[in-house]
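Chain and residue survey
Spelled out, the chains give:
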Amino acid sequence: MTEEATLTTRLRYFYRKIRFPLGIAVLVLGAFLSISAFAAYSPLLYDQPFSSYVPTLLGPDCPQNASCPANYQSATTDWILLFVVSGIIIDIIGIYMVAVYLVARRRFEHLLKTKSKAEFVRNLPEVEDLLWDLTPSDEERLLQRKQELRIRD
């Protein structure tokens, strides 16, 4: 990257570098919220590890020793209902992020291993479109492959 890069360009570059780990983290967070919500409204509330943290999320009226009934309704706010909705939404976002990256990675690897120069040149616009969903190191690999096949920009 050049020193003249704007903040937006640097943020976009950073996001491209961490896209896949970020997608995994979002997916894990959504799964954690969904599983916690399920455990709060089931007999799993009394088992470990749920008994150590789910009762604290049920509200201030719930004793901290997980003696709340599984269908406990706090007099104030029931944060678990928020976990149900947000967990599902975050899971969908995480699944989308991971799936887009993996599909783009698979297609990019297939197109990059093409032996024929004519086929590579024919698929070059698709390969360049796939780079939006991949890392900056993949862009360098594409440039190296173009040099190997002696293709000018």
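Scroll up for the structure.
What follows concerns the overall build of the protein. Each helix and strand counted, the protein has six helices and zero strands in total. Start at the N end of the protein and walk to the C end: the helices and strands fall as α-α-α-α-α-α. The burial tally for the protein puts 36% of its 153 residues in the buried class. About 10,100 Å² of surface is accessible on the protein, with carbon and sulfur atoms providing 63% of the total.

Where nonpolar side chains cluster on the molecular surface, the patch consists of Tyr41, Leu81, Val84, Val85, Ile88, Ile89, Ile92 and Ile93 and spans about 690 Å² of accessible area. Structurally, the position occupied by Leu81 is in helix H3 (residues 79–112). Note on Leu81: relative accessible area 49%, which makes it partly exposed.

Attention shifts here to the packing of aromatic side chains. Under the criterion given, the structure shown has one aromatic pair. The aromatic ring of Phe120 is capped on one face by Arg145, whose charged end is 5.8 Å from the ring centroid.

Let us look at the side chain of Asp138. Relative to the helices and strands, Asp138 resides in helix H6 (residues 136–148). Classification of Asp138 as buried rests on a relative accessible area of 2%. One polar contact links Asp138 to Arg105, side chain to side chain, over a distance of 2.6 Å. Setting aside residues no more than four positions away along its own chain, Asp138 makes contact with Arg105, Phe108 and Leu131.

Moving on to helix H1 (residues 7–40). The end-to-end C-alpha separation of H1 is 43 Å, well short of the 50 Å expected for 34 residues at 1.5 Å each. Residue Arg19 marks the point of greatest curvature in H1, where the axis turns by about 60°; the proline Pro21 follows within four residues. Every buried residue of H1 is listed here: Arg16, Arg19, Gly23, Val26, Gly30, Leu33, Ser36, Ala37, Ala39 and Ala40.

Tallied over the full model, the rule gives nine salt bridges. The closest approach of N and O atoms between Glu126 and Arg107, which form a salt bridge, is 2.7 Å. Residue Glu126 is found in helix H5 (residues 124–130), and its partner Arg107 is found in helix H3; the two are separated by 19 residues along the sequence. A single salt-bridge network, built from bridges that share partners, covers Arg105, Glu109, Asp138 and Arg141.

A few words on the environment of Lys115. Within the secondary structure, Lys115 is located in the loop between H3 and helix H4 (117–122). Distance in space between the C-alpha atoms of Lys115 and Leu149 is 9.3 Å, their sequence separation being 34 residues.

Moving on to the packing of H3 against H6. For the pair H3 and H6, the least separation of the axes is 11 Å and the interaxial angle reads 15°. One way to sum up the angle between H3 and H6 is to call them roughly parallel. Considering the relative orientation of H3 and H6, their crossing is left-handed. On H6, the residues that touch Arg105, Phe108, Glu109 and Leu112 of H3 are Asp138, Arg141, Leu142 and Arg145.

Reading the values: rules and limits
- Residues numbered from 1 in each chain as written.
- Predicted model: local features only at pLDDT ≥ 70, side-chain atom pairs only at ≥ 80, totals over all residues.
- Heavy atoms only, no water.
- Helix = DSSP H or I, 4+ residues; strand = E, 2+ residues; numbered from the N terminus.
- Buried < 20%, exposed > 50% of the residue type's maximum accessible area, 1.4 Å probe, protein only.
- Areas by Shrake-Rupley, 256 points an atom, 1.4 Å probe, with all protein chains shown as cover.
- Patch = residues over 30% accessible without salt bridge, like charges linked within 9 Å, V, L, I, M, F, W, Y side chains within 5 Å.
- Salt bridge = Lys/Arg side-chain N within 4 Å of Asp/Glu carboxyl O.
- Phe/Tyr/Trp six-rings, centres within 6.5 Å; stacked < 30°, edge-to-face > 60°.
- Lys NZ or Arg CZ within 6 Å of the ring centre and 35° of its normal.
- Polar contact = N/O pair within 3.5 Å; in protein donor to acceptor, adjacent residues only side chain to side chain.
- Contact = heavy atoms within 4.5 Å.
- Expected span 1.5 Å × (residues − 1).
- Bend = angle between axes of the 7 residues up to and from the residue.
- Axes fitted to C-alpha atoms, helices over the stretch in contact; angles between N-to-C directions.
- Parallel < 35°, antiparallel > 145°, perpendicular 65-115°, else oblique.
- Left-handed = near helix turned anticlockwise from the far one by under 90°.

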